[in-house]
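Secondary and tertiary structure notes
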Amino acid sequence: MDILRIATAGSVDDGKSTLIGRLLYETNSITKDKIEALESASKRKGLDFLDLSLLTDGLIAEREQGITIDVAHIYFSTPTRKYIIADTPGHVEYTRNMVTGASNAKVSLILVDARQGVVEQTARHLSIAALLRIPKVIVCVNKMDLVQYDEAKFEAIKDSLGSLVAQTTFEGQEISFLPISSLFGQNITQAADKMPWYQGNTLLGELEAFEYAESLAHAPARFPVQWVIRPKTEEYHDYRGYAGKISSGTFQVGDVIKALPTGQESTISSIEKFGEQLERAVAGDSVVITLTTDVDISRGNSLVLASDTQAPQLKDFTAQICWLDHQALSPGKTYLLQHGVNLTKAKISQITERLDVVAQTSSQDVDSLKLNEIGGIQLRTAQPIMADVYAENPSNGAFILIDEFSNSTVGVGFVK
């Protein structure tokens, strides 16, 4: 079965944790002992119902305050698909948690409180979903029970999001709108009997029906070498294999490849996967590739097709950055840039803009980026990195910046 990665987003008290708990409960993904512990914890809180948010809010501070602080990863499955959900915080000061939690997601669930309607965080989360190129966004208008399941209220929220969606979405991104009640299980896995006016799919139905066309298989072929295998045994005396995970594109036996950064060329002799010989391998496959000739290739190098005239080697480039550190980003400072397994020094020469994700505007006269702010930067690396433009090849277009003294991850960037 394939695995669908999901990220939740929303403002404080929009019901993200309760929604995930409801999904787990109604897909029979909770063991009996956990349900009993949940019942006991709910009673201790003086509740006369099952507090499903306790399934994901595991930190003591989260349970005491009734909020999500850290990113929690939750696993469940149906007969047709496996799911991994990143439950991310809603507070504006935890924007960085939302970015990192959603970095691998294919679906974003953005919750809106039916009583509050569209708020600042809604715009922020839609913008981040577009920045991360998440192909499917489901806007869940939650707590419909508190507005008496009013269709007009749902339609008003949907209409108010119209212009915002038009501003933030990218070509090919799917947007769906669902009225739900996480607390009472309305329109989660079963059709809502309280909302007969809604004829669309349930939330689980939307997730089950979503087909993510593996566009990465048709993207430029990229194979970052993780390890060079040299057994040096009698049986495999001259064996030289290159192990790694294909980040994008397709490789086939007989393809003429080029090794970066050296530019040397050779031909693929074999593709092996756990002892099995393959004729071709696609994005996501972890394989060992052998070549017909000995080429100077080491960990951190990349294999691309020799016919690829756009094979990237970047030293001076622009990027969008989400700043994760309490100490602001200032031009002129040097950081370590990690792209895949490659680590090199990078100097920020200029901050080109600061984005206002709520108003969908940008400021060009900027001298710093503070914690949780998103902006554009110009940077130069000591060694070239084999990165693509993120919008064209997300699997090979992201990087992180590391403080070279504290070793803290201070920023996540997207090549422009």
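Note: the structure precedes this text.
Rules behind the numbers
Residues numbered from 1 in each chain as written. Predicted model: local features only at pLDDT ≥ 70, side-chain atom pairs only at ≥ 80, totals over all residues. Heavy atoms only, no water. Phe/Tyr/Trp six-rings, centres within 6.5 Å; stacked < 30°, edge-to-face > 60°. Helix = DSSP H or I, 4+ residues; strand = E, 2+ residues; numbered from the N terminus. Buried < 20%, exposed > 50% of the residue type's maximum accessible area, 1.4 Å probe, protein only. Lys NZ or Arg CZ within 6 Å of the ring centre and 35° of its normal. Pairing = 2+ DSSP bridges. Axes fitted to C-alpha atoms, helices over the stretch in contact; angles between N-to-C directions. Contact = heavy atoms within 4.5 Å. Salt bridge = Lys/Arg side-chain N within 4 Å of Asp/Glu carboxyl O. Polar contact = N/O pair within 3.5 Å; in protein donor to acceptor, adjacent residues only side chain to side chain.

So, the packing of aromatic side chains
Overall, the coordinates contain seven aromatic pairs when judged by the stated rule. Taking the centre distance of 6.2 Å and the plane angle of 70° together, the rings of F223 and F251 count as edge-to-face. Of the two residues, F223 is situated in strand β7 (residues 223–229) and F251 in strand β9 (residues 250–252); the sequence distance between them amounts to 28 residues. Note on accessibility: F223 and F251 belong to one class, buried. Aromatic side chains W323 and Y335 sit 5.6 Å apart centroid to centroid with 70° between the ring planes, which places their arrangement in the edge-to-face category. Here W323, found in strand β16 (residues 314–323), pairs with Y335, found in strand β17 (residues 334–339); they are twelve residues apart in sequence, far enough to count as distant. Pair check on accessibility: W323 and Y335 agree, each one buried. The ring of F170 carries the charged tip of R133 above its face, separated from the ring centre by 4.1 Å.

Structural notes on the sheet that holds strand β5 (residues 136–142)
Strand order in the open sheet made by the six strands is β2-β3-β1-β4-β5-β6, with mixed pairing throughout. This sheet does not close on itself; its edge strands, each paired only once, are β2 (72–77) and β6 (174–179). Each strand of the sheet is rotated relative to its neighbour by a mean of 25°, with strand direction disregarded. Pairing analysis gives six bridges linking β2 to strand β3 (residues 82–87), with the strands arranged antiparallel. The residue of β3 that forms the bridge with I74 is I85. Of the strands in this sheet, β1 (3–10), β4 (107–113) and β5 touch helix α5 (residues 120–131), which is tilted by about 170° from β4.

Side note on the pattern of salt bridges
The final tally for this structure, using the stated rule, is 16 salt bridges. When salt bridges that share partners are traced, they join D113, R115 and K143 into one network.

Overview of the side chain of R22
Structurally, R22 is set in helix α1 (residues 16–26). Overall, the relative accessible area of 11% leaves R22 in the buried class. A distance of 3.0 Å separates the side chain of R22 from the backbone oxygen of S182, its partner in a polar contact. Apart from the residues lying within four places of it in its own chain, the contact partners of R22 are L52, S182, L183, F184, G185 and I188.

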